[in-house]
Amino acid sequence: MLENQFVPKDHESQIYEFWLKHDLFKGDANSKAPTYTIVFPPPNVTGVLHMGHALTCTLEDILIRRKRMQGFNTLWIPGTDHAGIATQMVVERNLMKEEKKSRHDLGREKFLEKVWEWKAKSQETIIGQMKKMGGSFDWSRLAFTLDESVSLAVRECFFRLYNEGLVFRDTAITQWCPRCHTVLSDLEVKFKETPGKFWHIKYRLKGDPSQYLVVATTRPETLLGDTAVAVHPDDERFSAFHGKEVMVPLVARAVPIILDGYVDPAFGTGALKITPGHDPNDYLVGKKHNLPIINLMDKNAVLNQEAGPYQGLTREKARVKILEDLIEHDLLVKEEDHTHNIGHCDRCNTVVEPKVSAQWFVKAEELAKEAIRVVEKKEIKIIPEEWEKTYFEWMRNIRPWCISRQLWWGHRIPVWYCEKCEAVHVAVTAPISCTQCKHTQLRQDEDVLDTWFSSGLWPISTLGWPQQSQDLKTFYPTSVLETGFDILFFWVARMIMLGIKMTGKIPFDTVYLHPMVRDEHGQKMSKTKGNVVDPLEISDRLGTDALRFFLSWNAFHGRDMRVSEEGVESCKFFVNKIWNASRFVLMHFGDVKESNVDLSNEVNRWIWTRLNRVKEEVNRSLENYRFFEAAQAIYHFVWSEYCDWFIELIKSKEELEFRKQAKESTAIEVLEEALRLLHPFMPFVTEKLWQEMPIRDHSKISVSIAAYPIVDNTREFPKAEERLARVIRLVEQIRATRGVHQLSPAVEISLSVNSLVGDDLLNELIPFKELIKRVAKVKELTFEKKEYPKETHISVVTGEVKLFIPKEELGDLTQELTRKRKELEDKTEQLKRADEKLRNEKFMSSAPQAVKEGVQKRKVELKREVDALLQYLEDLA
RNA sequence: GGGCGCCUAGCUCAGUUGGUUAGAGCGCUGCCUUCACACGGCAGAGGUCACAGGUUCGAAUCCUGUGGCGCCCACCA
């Protein structure tokens, strides 16, 4: 006997252990069965999982579990990501808090030990959480981006790209984070609109201080690094300055006036100071005109010796001081408000500083060509489709990808420099001696790779590449890549580029991008806002099944998904509903051990047919990644059809007794199929209940490997489906009639039903007489063609039938009157429209037959209803 | 500045090539302590599909424009 409720706390971990014990989730590299593979987007080892991870876990588990039940050789690879900057920052922060030390106090080696310790702890937590979510991962293949095998793949990839000239080292201006002490890729810089000032500064002509031009800038501190002032060649205001030099204010340095069409004469003052060392655009102009580059700042963005008297000041302080000095020397013309976009570090929100340095880059535009082609040719489908446009837009404008980072935590760049001749060696393993001068002292590049470089190889590196492993042969290309759209460029695009380049094959054929998790008001969840809904806490209290069902129910093709505790709670009610329906069915049919389905019974025929419909819907929806539709379809079937109607229809003492005696198994078998259908969504409760089912495939130890339901063509009974639909409609209409007359459901009424569409309908309804009487709480029920006199009966027309109810059994009718008058108005209007349509020649000649028939049918129906309403109102009056 | 998307019931969202009466869940209202479940049952109210034009026999759906909202990319100092 099952307890009153499914208590997640008591059951979930036990059930998960049961799955693990029987090793049900392993991918078989030697299997001949069709494969279905997903690599789980590896969470950062920075802490704990949030709702977004819970969503990923849920959706991927649904896909994987269903395919596993369908007999696919499934593999779902779990793993974690070292997450370069993010993790290093967390550990640095802790180190400072706990030991008051910086990473430099420890040194590279000791610091990395600390990070590894942190990683071990964090990974353990994350794995526990993935298990708690019920994820059917193949734990034997657990991977980490810094595992030796993955690192080998990373070095191999770098090596191959370098040899093809697709990885190169270049001196370029990149964004530097003075807090993280590393360069960032374009994607890691977020621009924010910030109010600032526009300062107009005098640059005096060399040799004639009375002459000057005015330059406008938002960053006066960078004037120390100016190496030119540019004006538009056609700008006549400055023609007197052509070919001359001006003095950089405050420092006694002459710089040339250069002419460049890049300058917009209409913007600012039309004269532009050029600081190639600290502005990306100036850098390009400087390169074109061969201007010297002055690097003004150190790694902390503090001004260095190049800044002369300003050395030692931060960017911010230098600005203040320089402005003071400009005023003092009468060089500041004016100051105006100016809002502009300033780049911030994606990780730590520090204002970035453009800086010139030597870095490693990937020629992304080369790799993008194929990556664009495969999506154009639909070899890779992106769902929802509108993301394809965004993908193309980005890929077609892609720029070199800066992959070196000045961090300690990550894949060391596989490049060695000869200490003697500085020759560059790129290799998978450390070379022993210099290929140029045979010198044996080689120094490895200090930098590490962008964390996304290793993530970009994830589908192949976790399967053993560059080895031609059995795993790679069996499981690659993988099937679907499921993740949030926020990392489409960071991750998905790079996997496509690198996967194709390294293997010649696409890494997956489908990309499914799920919505972003928001709080119930649509706000981004964040710790500082305090609106974080913790998936583990929710699943502890309300159950993992409820959380998972909620997440799939809300996984529609939008951009935001709002998570509220209320929503999860209503899913918990659904868990409870299935649990109790199962209790009821087991209570009565628990000892029915063999399949014995009475297919002559109309109610059975109906529920089996309905079951086929929901199977169809669920399978179709999941094939199209429409999780919300699948979840809704099962919810509706279980609750509204199986519980509200099927169980209610068989619930009478006699019917139940009869079925039990006959050991009729429909109730139990339909439920069992529903459990299998639902299992990918709610693995725990369905496993528990499935184990209780007396009739099922006992050769399968767990529902997770039982067959996923498919349509049973031998159990299609459209006639019964239609008949029961009529019965249901009639019962609903009787109840509604009772409702508007404010009759207590307990009061039984007498009723006569008269068909409006012919005798066949009555004949069809007659066999269900007792059923209808019971379910609709009707004392006397007759099916008659006869019309009752209005002195004694009220007649109500509802669709295909006319109900006659003895007047004395009905209560107050005033409310009813108003309601019916309104109804009459509406129906008359509708009737008019239908009539107009049918008179319209063009409609009659061009509308599809089905539509015309529908309108015709509707018109007849409306006519009938309007007439009935008129009569009804007359009767009452 | 460039691109993408959204606006449907109080809320969150479905609505697949234009076609019969625009749906669901939650919430709301009324009634019901019915023996699986009050985490329940039954019934009900609630929408001129953002707005304005256009195409069409017919538009939530297609086109144009307007308004509002959101996201992504770029970063003219």
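Our subject is the structure listed above.
Residues numbered from 1 in each chain as written. Chains lettered and ligands numbered in written order. Predicted model: local features only at pLDDT ≥ 70, side-chain atom pairs only at ≥ 80, totals over all residues. Heavy atoms only, no water.

**Regarding the overall build of chain A**
In terms of regular secondary structure, chain A is built from 28 helices and 29 strands. Here chain A has a C-alpha radius of gyration of 37 Å; the compact-globule value for 877 residues is 29 Å, and the former is much larger. Oriented by its inertia axes, the alpha-carbon framework of chain A measures out at about 120 × 65 × 55 Å. Counting the 877 residues in chain A, one finds 56% classified as buried. (Helix = DSSP H or I, 4+ residues; strand = E, 2+ residues; numbered from the N terminus. Rg over C-alpha atoms; globule rule 2.2 N^0.38 Å. Buried < 20%, exposed > 50% of the residue type's maximum accessible area, 1.4 Å probe, protein only.)

**Digging into the sheet that holds strand S29 (residues 801-806)**
What the four strands build is an open sheet, ordered S27-S26-S29-S28; its pairing is mixed. Where the open sheet ends on each side, the last strands, each with one partner, are strand S27 (778-783) and strand S28 (793-798). Within this sheet the neighbouring strands show an average axis-to-axis angle of 25°, counted without direction. Here four bridges tie strand S26 (residues 749-755) to S29, and the two strands are oriented antiparallel to one another. For Asn754, the partnering residue across the bridge sits in S29 and is Lys802. (Pairing = 2+ DSSP bridges. Axes fitted to C-alpha atoms, helices over the stretch in contact; angles between N-to-C directions.)

**Considerations on the sheet that holds strand S15 (residues 381-383)**
Taken together, the three strands give an open sheet; going across it, the order is S15-S23-S22, and neighbouring strands pair in parallel fashion. The open sheet terminates on both sides in strands that have one partner only, identified here as S15 and strand S22 (478-484). With strand direction ignored, the average angle separating the axes of adjacent strands in the sheet is 15°. With three bridges connecting them, S15 and strand S23 (residues 508-514) associate as parallel partners. Among the inter-strand pairings, Ile383 is bridged to a residue of S23, identified as Tyr512.

**Side note on helix H6 (residues 148-163)**
Along its 16 residues, H6 runs 22 Å from first to last C-alpha, staying within 8% of the 22 Å computed at 1.5 Å per residue. When we look at burial in H6, the residues that qualify are Val150, Ser151, Ala153, Val154, Arg155, Glu156, Cys157, Phe158 and Leu161. Trailing H6 by a residue or two, Gly165 shows a phi angle of about 75°, which is positive. (Expected span 1.5 Å × (residues − 1).)

**Some thoughts on unusual backbone geometry**
Residue Pro384 is reached from Ile383 by a cis peptide bond, and omega for that bond is -5°. As for its placement among the helices and strands, Pro384 is situated in the loop between S15 and helix H10 (387-396). Note the cis peptide between Tyr476 and Pro477, where omega equals -5°. Position of Pro477 among the secondary structure elements: in the loop between helix H13 (470-475) and S22. For Lys378, which is not a glycine, the phi torsion comes out positive at approximately 65°. Checked against the element boundaries, Lys378 lands in the loop between helix H9 (364-376) and S15. Judged by relative accessible area, Lys378 falls into the partly exposed class, the value being 39%.

**Thoughts on the protein's contact with RNA strand B**
Contacts to RNA strand B come from 54 residues, most closely from Gln5, Asn281, Phe573, Arg626 and Trp639. Among atoms of RNA strand B positioned within 4 Å of the protein, sugar and phosphate together represent 57%. Interatomic distance of 2.9 Å between a backbone N/O atom of Asp264 and a base nitrogen of RNA strand B. Elements that contribute at least two residues to the surface near RNA strand B include exactly strand S7 (189-205), strand S13 (332-345), strand S25 (560-562), helix H17 (565-589), helix H19 (627-649), helix H23 (718-740), helix H27 (841-846) and helix H28 (849-876). Examining the composition of the surface near RNA strand B, we find that eight residues originate from one element, H17, more than from any other. Of the residues that constitute the surface near RNA strand B, the class distribution is 23 nonpolar, eleven polar and 20 charged. (Near = heavy atom within 4 Å. Polar contact = N/O pair within 3.5 Å; in protein donor to acceptor, adjacent residues only side chain to side chain. Nonpolar A, V, L, I, M, F, W, Y, C, P; charged D, E, K, R; others polar.)

**Concerning the state of the cysteines**
A covalent bond between the sulfur atoms of two cysteines is referred to as a disulfide. Applying the stated criterion to the full structure yields zero disulfides. Cysteine Cys180 is unpaired, with the sulfur of Cys177 as its nearest cysteine sulfur at 3.7 Å. Judged by relative accessible area, which is 5%, Cys180 ranks as buried. Here Cys345 is not disulfide-linked; the sulfur of Cys348 is the nearest cysteine sulfur, at 3.7 Å. With relative accessibility at 2%, the residue Cys345 sits in the buried group. (Disulfide = S-S within 2.5 Å.)

**As for the packing of H17 against helix H21 (residues 666-678)**
The contact between H17 and H21 brings their axes to 10 Å, and the two run at 150°. Judged by the angle between their axes, H17 and H21 are roughly antiparallel. Helix-helix and strand crossings are classified by hand; for H17 and H21 the assignment is left-handed. Taken together, the residues of H21 that come into contact with H17 (itself represented by Phe574, Ile578, Ser582, Val585, Leu586 and Phe589) are Ala667, Ile668, Leu671, Leu675 and Leu678. (Parallel < 35°, antiparallel > 145°, perpendicular 65-115°, else oblique. Left-handed = near helix turned anticlockwise from the far one by under 90°. Contact = heavy atoms within 4.5 Å.)

**Considering the nonpolar core**
Residues Tyr642, Phe681 and Ile772 are the most contacted members of the largest nonpolar core, which totals 127 residues. No other element matches the 13 residues that H19 contributes to this core. Sequence-distant contacts of Ile772, defined by excluding residues within four places in its chain, comprise Val727, Leu730, Val731, Ile734, Leu765, Lys777, Leu781 and Phe783. Counting residues in hydrophobic clusters, the runner-up holds 67 residues, among them Val374, Trp387, Trp465 and Leu472. (Core = buried A, V, L, I, M, F, W, Y, C linked by side-chain atoms within 4.5 Å.)

**Looking at the pairing of S22**
A large share of S22 lies buried, amounting to seven of its seven residues. Relative to S23, S22 runs parallel, the two being bridged by six bridges. Within S23, the residue paired with Val480 across the bridge is Thr510. The parallel pair S22 and S23, bridged by helix H14 (residues 488-503), forms a crossover whose chirality is right-handed. (Right-handed = clockwise from strand over helix to strand, strands pointing away.)

**Re the packing of aromatic side chains**
Applying the stated criterion to the full structure yields 36 aromatic pairs. A ring pair is formed by Tyr16 and Trp19, whose centres lie 5.7 Å apart and whose planes are at 70°; its orientation type is edge-to-face. Of this pair, Tyr16 and Trp19 both sit in helix H1 (residues 8-21), three residues apart, which is roughly one turn of that helix. Each member of the pair, Tyr16 together with Trp19, is buried. Taken together, a centroid distance of 6.1 Å and an interplanar angle of 65° make the contact between Tyr162 and Trp360 edge-to-face. Taken together, the residues span a long stretch of sequence, with Tyr162 in helix H6 and Trp360 in strand S14 (residues 353-362) at a distance of 198 residues. Judged by relative accessible area, which is 28%, Tyr162 ranks as partly exposed. Here a set of aromatic residues connected by ring pairs shows up, and it is made of Phe549, Trp553, Phe574, Tyr635, Trp639 and Phe681. Between Lys119 and the ring centre of Phe144, over which it is positioned, the NZ or CZ distance is 4.3 Å. Over the ring of Phe584 we find Lys651; its NZ or CZ atom is 5.7 Å from the centre of that ring. (Phe/Tyr/Trp six-rings, centres within 6.5 Å; stacked < 30°, edge-to-face > 60°. Lys NZ or Arg CZ within 6 Å of the ring centre and 35° of its normal.)

**Points about the packing of helix H16 (residues 544-553) against H19**
A pair of packed helices is characterised by two quantities: the angle between their axes and the separation of those axes. One way to put it is that H16 packs onto H19 with a least axis distance of 7 Å and a crossing angle of 120°. In terms of orientation, H16 lies oblique with respect to H19. Contacts between H16 and H19 involve Phe549, Ser552 and Trp553 on the former and, on the latter, Phe627, Phe628, Ala631, Gln632 and Tyr635. Looking at the contact of H16 with H19, its residues break down into six nonpolar, two polar and no charged.

**Focus on the pattern of salt bridges**
Following the criterion strictly, the structure yields 68 salt bridges and no others. Between Glu92 and Arg103 there is a salt bridge, and its shortest N-O distance comes to 3.1 Å. Pair noted here: Glu92 is in helix H3 (residues 84-99) and Arg103 is in helix H4 (residues 103-106), with a separation of eleven residues, a long-range link. Notably, a salt bridge pairs Arg405 with Asp450, separated by 3.3 Å at the nearest N-O pair. Taken together, the residues Arg405 in strand S17 (residues 404-405) and Asp450 in the loop between strand S21 (448-449) and helix H11 (451-455) connect sequence positions 45 residues apart. Asp450 shares its class with Arg405; the two are buried. Taken together, the salt bridges that share partners define one network made up of Arg219, Glu221, Arg315, Glu316, Arg319 and Glu353. (Salt bridge = Lys/Arg side-chain N within 4 Å of Asp/Glu carboxyl O.)

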